[in-house]
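Here's the letter readout for the chains.
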Number of protein chains: 2
Amino acid sequence: MTQDNYKEIAAKKLAERDAKFIKEWLVPEDKLPGPEVKDVLSFPRECGFLTPSEIAITEAEGTEILQKIKDRVWTAYDVASAFGHRATIAHQLTNCLSEIFFEEGLQMAKELDEYYEKTGQLKGPLHGLPISLKDNLNIKGQPTSIGFVGFAFSPEKFDKDAVLVEMLRDMGAVFYVKTNVPVAMMMAESINHIYGNTVNPLNRDLTSGGSSGGEAALIAMKGSPIGVGSDIGGSLRIPASLQNIFTIRSSGGRFPTYGARSGLPGLESVNSVNGPMSTSLDTLELYSKLVIDGEPWLKDGKVIEIPWRDVELPEKLTIAVLRDDGVVHPSPGILRGVDIAVQALKKQGHDIIEWDPKDHERLDAIITEFFLADGGIHCKEYAGLTGEPFFPGMKMYTTCKEKGVSELWDLHAERTTLTKNYLDRWAATKTNTKSGKPIDMILMPVSPYSGCANGKFRYVGYTAVFNALDFTAGTVPVTRADKAIDVKDPGYVPKSERDKMVQDLLDTDEVHGGAISVQVVGRRLQEEKVIKMMRVVAKAVGTDKYWH
Amino acid sequence: MTQDNYKEIAAKKLAERDAKFIKEWLVPEDKLPGPEVKDVLSFPRECGFLTPSEIAITEAEGTEILQKIKDRVWTAYDVASAFGHRATIAHQLTNCLSEIFFEEGLQMAKELDEYYEKTGQLKGPLHGLPISLKDNLNIKGQPTSIGFVGFAFSPEKFDKDAVLVEMLRDMGAVFYVKTNVPVAMMMAESINHIYGNTVNPLNRDLTSGGSSGGEAALIAMKGSPIGVGSDIGGSLRIPASLQNIFTIRSSGGRFPTYGARSGLPGLESVNSVNGPMSTSLDTLELYSKLVIDGEPWLKDGKVIEIPWRDVELPEKLTIAVLRDDGVVHPSPGILRGVDIAVQALKKQGHDIIEWDPKDHERLDAIITEFFLADGGIHCKEYAGLTGEPFFPGMKMYTTCKEKGVSELWDLHAERTTLTKNYLDRWAATKTNTKSGKPIDMILMPVSPYSGCANGKFRYVGYTAVFNALDFTAGTVPVTRADKAIDVKDPGYVPKSERDKMVQDLLDTDEVHGGAISVQVVGRRLQEEKVIKMMRVVAKAVGTDKYWH
């Protein structure tokens, strides 16, 4: 194996992908904005290469698209074509796509139209809705490289859909792209040796985040009305927050995961879950309900048999606010975002108390130990297939030592106790709330970053804690970073080496225009309630229709 | 540490326990049946040492006891006293108790009576019901030795109830005994160096099973109306089946487990669950509903938020029968028991198909690897506290090698696939059933044993498979072994070394009078449905009121 072998394979793969673009959909190189144009969100609408109909379709919410297909205003083919076209442009601007199968998507759409024409029936409740998929979800007929060059052609094609993909297909969804991820999906920036880096369309100097970064960039560009990402330490929430879109990280066992490829296969100390990402809360909620209505527990042993629940929120929510986790201080933009949300929610009469981030640092340390518990053996094996090197953000997988199971058990036992203590503290808030009941949610940052320059993402503690606890957590956009307002406190003294590293890398000029979202955290398996609470927060800050 | 050190500590502990018996409740040694009396089930009723009132109370179902306390027919004190007395006699005959706290139980009962007298209110829905607890559940003020001499006085007292115990206490339950277990609860016979072996009251030459053997023997003697055991590979179902009582092994996450002591702490590849054991299905169902109605998910992070569900069974069930798991051939008594159940269910019009035990052998092998994955480090540490030796049935914990986490992940991944395949085979039965729907349950042996002589239990594969799959499974008594009917097939050729070992140890004369139960298996998290189906099976074979 020569050092360059992996480059050859990657180049071949990249060329094959690029050959799959539909030529007429590509914006000519010389018509693309130059690198000096940071914010490219409005380019697709304004570039003149999309028809008014394509713009109308791609800027509609998923729920509206479904209705218009049903009402025969748009055909599934129109819709697939519009999103394929816009996804192409989104990719040209952000490098967000991994696998491309526009032709297959158009064919699926055509068959759906014919079926509807012939029978008068929709194939299912997602008839004709394009759904983009994170690279890790196996689709029949496509490979799944999850950022490893060694997986680029191995296998060349999966012969079965993942359980979730099969369900969505049966409901009438149209597949057309998979989206870029970091190697093994274990970094918070979406970079690998096949496809390179996915940048952020709000500001292309910034990272799209990860590991569902390709998905988030595509969706923010409206190249997809809804996509599926996954989250094992923040991989849905971090990119969603960095692109100001909605997502929900369910607890383990709500959505089916069987048939997704993993860089850490068999890791069960923490569950990788998948979930929807969208510019539309309505579409996100509809998707969630439909997947669960499909009884995935009959097809995937890890899914818990909890039907979709109609939840009624109390008129006034009780909200605990966490501004700083005591480990890494959030950027000025993030602190402002939390404050905007708090003030807006207070104004509407919701009861706000403070939340103590007790044990967050230890929970984050434990989950990191879970990720590294196999001594990086699986990742090293996969990288070793071609000899590709590890990115700096993955170096720890080459230096960590495999744990014995005895030590793993001790970490599990400790986490069990910390989780119990967290629940007890949650329940104990009832003595401190106006309602006399425990808090409904924690409102807090998703990460310290109100935008983060490419290559500078360092801290996932704000999200990973809830993977360790297996709590439900969603993201809600609030505003965008503004270098004129979001200035560093020159007197701030970092509380630790880790904090110092993050603060030193933060340049508030650089992240201008970056996204500012907040995290809405509920207890374990509170997906329906968290979505409803996300809506309350979004309405309060005026972002429930932020994108529409 | 001398070799005899552990014996001294064990002797001290045993003497302390024995000193806690209430003298007047003990049957004089010379009035106890001699060792030639195998079946001692009727002794308490016939020995003349229990009053008619004590007999009436202890032979009532738990549901009836609750009603009679509510109606002021019996006081909680009467009830606690009657069960304490009968538990004492049960212990004298089977050696079923570990911790004894009759005085505390009587005091709890007295306070409940006073509360009821004073307020006119019951403390809760279990007001005055004695509940026996398996030794592993921590109770405030008591130790938890789980069969390790080194834990006999360490700590001397736990300062907190387990979550479940606290919930039951708040509902008004009365605690008075903990029951004997095998060392670390990792053998299928309840023997350890402190308390010795618990024998089976149906035939004292037979084992009570394990690890909830003390619990099952006590309950079969009516020394407790309902008890709590636990199950990680069959530890509820095996002893329940060997004593012909009812139990249900829930899937992980229905009942709270926080605050139970484990011999394999932090093992999460397979969940140890606890569950009720009773002679009364009504009481078992009531208990299950009440615990879940108590919202244990607010107190224990491992509990899933699924409220108690009212389940309606189809009028005619579809049942897949598994007679032989292809690894170890069941005894003639067990095969007869399954056949009795099948014929009775057929007669009532239920649809019976066959079940292929595909992958059972591998699933059983995988779960054994999970148990041994820490290289026995935890068990060796606990035994090492006093230098106590390992029983032959635990020897593998001294010889196994600690696994690396990488290998553990591979086993997880394999189990995930096997579980998916099992679910797919379950769903695929719909093409083979009269209803056109998948099967409702699997009906099968609990173990190969229609009674098993002390020291001869060798195979847990019939139960452990469902721990590996995390399916729900209950036990239903059918009949008792009869040496005149249940004779070995002289032409049977064992299919493996393991099978031969079991067959060679089986003596159908020796197990005469042993219990014959069947196992009712539902999918994951189907507790309500499985309890309802247990009732259907029990009614069909005429054992729904077997004990009452």
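Naming follows an unreviewed UniProt entry, where chain A appears as amidase of Cyberlindnera jadinii. Quoted straight from UniProt, the Sequence similarities (unreviewed entry) entry for chain A says "Belongs to the amidase family." Under Catalytic activity (unreviewed entry), UniProt gives the following word-for-word description of chain A: "a monocarboxylic acid amide + H2O = a monocarboxylate + NH4(+)".

(A) Layout of the interface of chain B and chain A. Counting residues at the interface gives 45 residues for chain B and 45 residues for chain A. Interface area, chain B with chain A, both sides summed: about 3,700 Å², of which 57% is carbon and sulfur. A salt bridge links Glu 305 of chain A to Arg 523 of chain B; the nearest nitrogen and oxygen atoms lie 3.2 Å apart. Looking at the side of chain B that touches chain A, the elements that each hand over two or more residues are α12 (360–371), α13 (377–384) and α15 (405–428) of chain B. In terms of residue count, α15 of chain B provides more of the side of chain B that touches chain A than any other element does, 14 residues in total. In terms of residue class, the side of chain B that touches chain A is made up of 20 nonpolar, ten polar and 15 charged.

(B) Fine view of the relation of the copies chain B and chain A. With an axial shift of 0.0 Å and an RMSD of 0.0 Å, the rotation relating chain B to chain A amounts to 180°. Such values leave the two copies arranged in the relation of a two-fold axis. Considering only C-alpha atoms, the residue of chain B closest to the rotation axis is Gly 404 of chain B, which sits at 2.3 Å. The overlap is high: 100% of the interface residues of chain B also sit at the interface in chain A, so the same surface is used on both sides.

(C) Molecular detail of the pattern of salt bridges. Residue and element names in this part refer to chain A. With the rule as written, the count across this model stands at 74 salt bridges over all chains. One salt bridge in this structure joins Glu 528 and Arg 254, with 2.7 Å as the shortest N-O distance. On the criterion of sequence distance, the pair formed by Glu 528 in helix α18 (residues 527–541) and Arg 254 in the loop between β9 (246–249) and β10 (273–278) is long-range, its members being 274 residues apart. An identical accessibility class is assigned to Glu 528 and Arg 254; each is buried.

(D) Local environment of the UniProt feature "binding site: substrate" (unreviewed entry) in chain A. Residues and elements named next belong to chain A. Residues annotated in UniProt with the feature "binding site: substrate" (unreviewed entry) correspond here to Met 185, Ser 211, Ile 232, Gly 233, Gly 234 and Ser 235. Their sequence span is 51 residues, while the largest C-alpha to C-alpha distance among them is just 10.6 Å; these annotated residues converge on one region. Residue placement: Gly 233 occurs in the loop between β8 (227–231) and α9 (237–243). The exposure class of Gly 233 is buried, given its relative accessible area of 9%. Excluding residues within four positions of it along the chain, Gly 233 makes contact with Phe 371, Val 460, Thr 463, Ala 464 and Asn 467. Along the chain, Gly 234 falls in the loop between β8 and α9. Gly 234 sits in the buried class, given a relative accessible area of 1%. Aside from chain neighbours lying at most four places away, what touches Gly 234 is Gly 210, Pro 239, Thr 463 and Asn 467.

(E) Highlighting the packing of helix α11 (residues 332–347) of chain A against α18 of chain A. Residues and elements named next belong to chain A. Where α11 meets α18, the closest approach of the two axes is 8 Å, and the angle between their N-to-C directions is 95°. Between α11 and α18, the interaxial angle falls into the category roughly perpendicular. Each of Ile 340, Ala 341, Ala 344 and Leu 345 in α11 lies in contact with α18, whose residues at this interface are Val 536, Val 537, Ala 540 and Val 541. For the contact of α11 with α18, the residue count by class is eight nonpolar, no polar and no charged.

(F) Just the environment of Leu 66 of chain A, in detail. All names here are of chain A. On the secondary structure map, Leu 66 appears in helix α4 (residues 62–70). Accessibility expressed as a relative area gives 12% for Leu 66, which makes it buried. Not counting chain neighbours up to four residues away, the residues in contact with Leu 66 comprise Pro 125, Leu 126, His 127, Leu 129 and Leu 286.

(G) Molecular detail of the side chain of Asp 374 of chain A. Inspection of the secondary structure puts Asp 374 of chain A in the loop between α12 (360–371) and α13 (377–384). Each residue touching Asp 374 of chain A, except ones within four places of it in the same chain, is listed here: Glu 402 of chain A together with Val 405, Ser 406 and Trp 409 of chain B.

Definitions and cut-offs
- Residues numbered from 1 in each chain as written.
- Chains lettered and ligands numbered in written order.
- Predicted model: local features only at pLDDT ≥ 70, side-chain atom pairs only at ≥ 80, totals over all residues.
- Heavy atoms only, no water.
- UniProt positions renumbered as here; feature names shortened; annotations may be inferred.
- Contact = heavy atoms within 4.5 Å.
- Buried area = accessible area lost by both parts, 1.4 Å probe.
- Salt bridge = Lys/Arg side-chain N within 4 Å of Asp/Glu carboxyl O.
- Helix = DSSP H or I, 4+ residues; strand = E, 2+ residues; numbered from the N terminus.
- Nonpolar A, V, L, I, M, F, W, Y, C, P; charged D, E, K, R; others polar.
- Least-squares fit on C-alpha atoms with pLDDT ≥ 70 in both.
- Buried < 20%, exposed > 50% of the residue type's maximum accessible area, 1.4 Å probe, protein only.
- Axes fitted to C-alpha atoms, helices over the stretch in contact; angles between N-to-C directions.
- Parallel < 35°, antiparallel > 145°, perpendicular 65-115°, else oblique.

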